[in-house]
Amino acid sequence: MAPVSAPFPAEGFAPDELAAFVADLLTESALREVLQARLDQVLVHGHTAESDAAMPVAYFTRGLAERARALSEGVQFKQALAIQRRRAVKLAALSLALLQRLDLELAKEAHHG
């Protein structure tokens, strides 16, 4: 696959261009499953923005490291692709939670800045 030349950040895209660019990067099922996993974190497990705000950022980075290690070991030991994919989805969902947490901190800094 050839490198993609695209404006960055995403604000450089018109909405339909951004949707097409994202569609080329991710399968619809991958994006849907990551978002579903994040929704499960919130709705099933109670990891809302408010509860996440009470957690230190290190909580998220440790979780990411643990999930990445499990994914890496699964690849190394040739676990089933479905297991590896499920782990990758959960890793991506946790990454979204961390981004949301960091955005909250950035907003606080800007407000108090």
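This text goes with the structure placed above it.
Attention in this report is confined to the structure presented alongside it. (Residues numbered from 1 in each chain as written. Predicted model: local features only at pLDDT ≥ 70, side-chain atom pairs only at ≥ 80, totals over all residues. Heavy atoms only, no water.)

## Quick notes on the side chain of Arg 101
Piece 1. Turning to its location among the elements, Arg 101 is positioned in helix H5 (residues 81-112).
Piece 2. Residue Arg 101 is classed as buried on the basis of its relative accessible area, which comes to 8%.
Piece 3. At 3.1 Å, the side chain of Arg 101 forms a polar contact with the backbone oxygen of Asp 52.
Piece 4. Contact partners of Arg 101, with chain neighbours within four places excluded, come to Asp 52, Ala 53, Met 55, Pro 56, Val 57 and Phe 60. (Helix = DSSP H or I, 4+ residues; strand = E, 2+ residues; numbered from the N terminus. Buried < 20%, exposed > 50% of the residue type's maximum accessible area, 1.4 Å probe, protein only. Polar contact = N/O pair within 3.5 Å; in protein donor to acceptor, adjacent residues only side chain to side chain. Contact = heavy atoms within 4.5 Å.)

## Some details on the side chain of Arg 38
Piece 1. Checked against the element boundaries, Arg 38 lands in helix H2 (residues 28-43).
Piece 2. Polar contacts involving the side chain of Arg 38 include one to the side chain of Asp 52, which spans 3.2 Å.
Piece 3. Beyond its immediate sequence surroundings of up to four residues, Arg 38 is in contact with His 47, Asp 52, Ala 93, Leu 96, Ala 97 and Gln 100.

## Things to note about the packing of aromatic side chains
Piece 1. All told, the structure shown has 1 aromatic pair when counted by the stated rule.
Piece 2. Arranged with centres 5.3 Å apart and planes meeting at 85°, the rings of Tyr 59 and Phe 60 form a pair that is edge-to-face.
Piece 3. With relative accessibility at 33%, the residue Tyr 59 sits in the partly exposed group. (Phe/Tyr/Trp six-rings, centres within 6.5 Å; stacked < 30°, edge-to-face > 60°.)

## What about the layout of surface pockets?
Where empty space is left becomes clear once a probe the size of a water molecule has been rolled over the atoms.
Piece 1. Counted as a void, the largest pocket has a volume near 410 Å³.
Piece 2. Lining the largest pocket are 17 residues, with Gln 41, His 47, Arg 67, Lys 90 and Leu 94 positioned closest to its centre.
Piece 3. Mapped onto the lining of the largest pocket, the elements with two or more residues apiece are H2, helix H4 (57-76) and H5.
Piece 4. If you tally residues by element for the lining of the largest pocket, the top one is H4, at 6 residues.
Piece 5. The residue inventory of the lining of the largest pocket, partitioned by class, reads 6 nonpolar, 4 polar and 7 charged. (1 Å grid on protein atoms, 1.4 Å probe; cavity = no way out; pocket = protein on both sides within 12 Å on 5 of 7 lines; lining within 4 Å. Points joined across faces, edges and corners; volume = space filled by probe spheres on them. Nonpolar A, V, L, I, M, F, W, Y, C, P; charged D, E, K, R; others polar.)

## As for the packing of H4 against H5
Piece 1. Direction vectors running N to C along H4 and H5 enclose 165°, while the axes themselves pass 9 Å from each other. Here H5 runs roughly antiparallel to H4, going by the angle between their axes. Remark: the crossing between H4 and H5 carries left-handed chirality. Taking contact as the criterion, the partners of Val 57, Phe 60, Thr 61, Gly 63, Leu 64, Arg 67, Ala 68, Ala 70, Leu 71, Gly 74 and Val 75 in H4 are, on H5, Gln 84, Arg 87, Ala 88, Lys 90, Leu 91, Leu 94, Ser 95, Ala 97, Leu 98, Arg 101 and Leu 102.
Piece 2. Taken together, the residues of the contact of H4 with H5 sort by class into 13 nonpolar, 5 polar and 4 charged. (Axes fitted to C-alpha atoms, helices over the stretch in contact; angles between N-to-C directions. Parallel < 35°, antiparallel > 145°, perpendicular 65-115°, else oblique. Left-handed = near helix turned anticlockwise from the far one by under 90°.)

## A look at H5
Piece 1. When the terminal C-alpha atoms of H5 are compared, their 46 Å separation across 32 residues agrees well with the 46 Å that a helix rising 1.5 Å per residue should span.
Piece 2. Restricting attention to buried positions, one finds in H5 the residues Gln 84, Val 89, Leu 91, Ala 93, Leu 94, Ala 97, Leu 98 and Arg 101.
Piece 3. Among the structural elements, H2, helix H3 (49-53) and H4 are those in contact with the buried residues of H5. (Expected span 1.5 Å × (residues − 1).)

## Quick word on the nonpolar core
Piece 1. Residues Phe 60, Leu 64, Leu 71, Leu 91, Leu 94, Ala 97 and Leu 98 constitute the largest nonpolar core, which totals 7 residues.
Piece 2. Broken down by element, this core gets its largest block of residues, 4 residues, from H5. (Core = buried A, V, L, I, M, F, W, Y, C linked by side-chain atoms within 4.5 Å.)

All we've got here are geometric facts, nothing functional implied.
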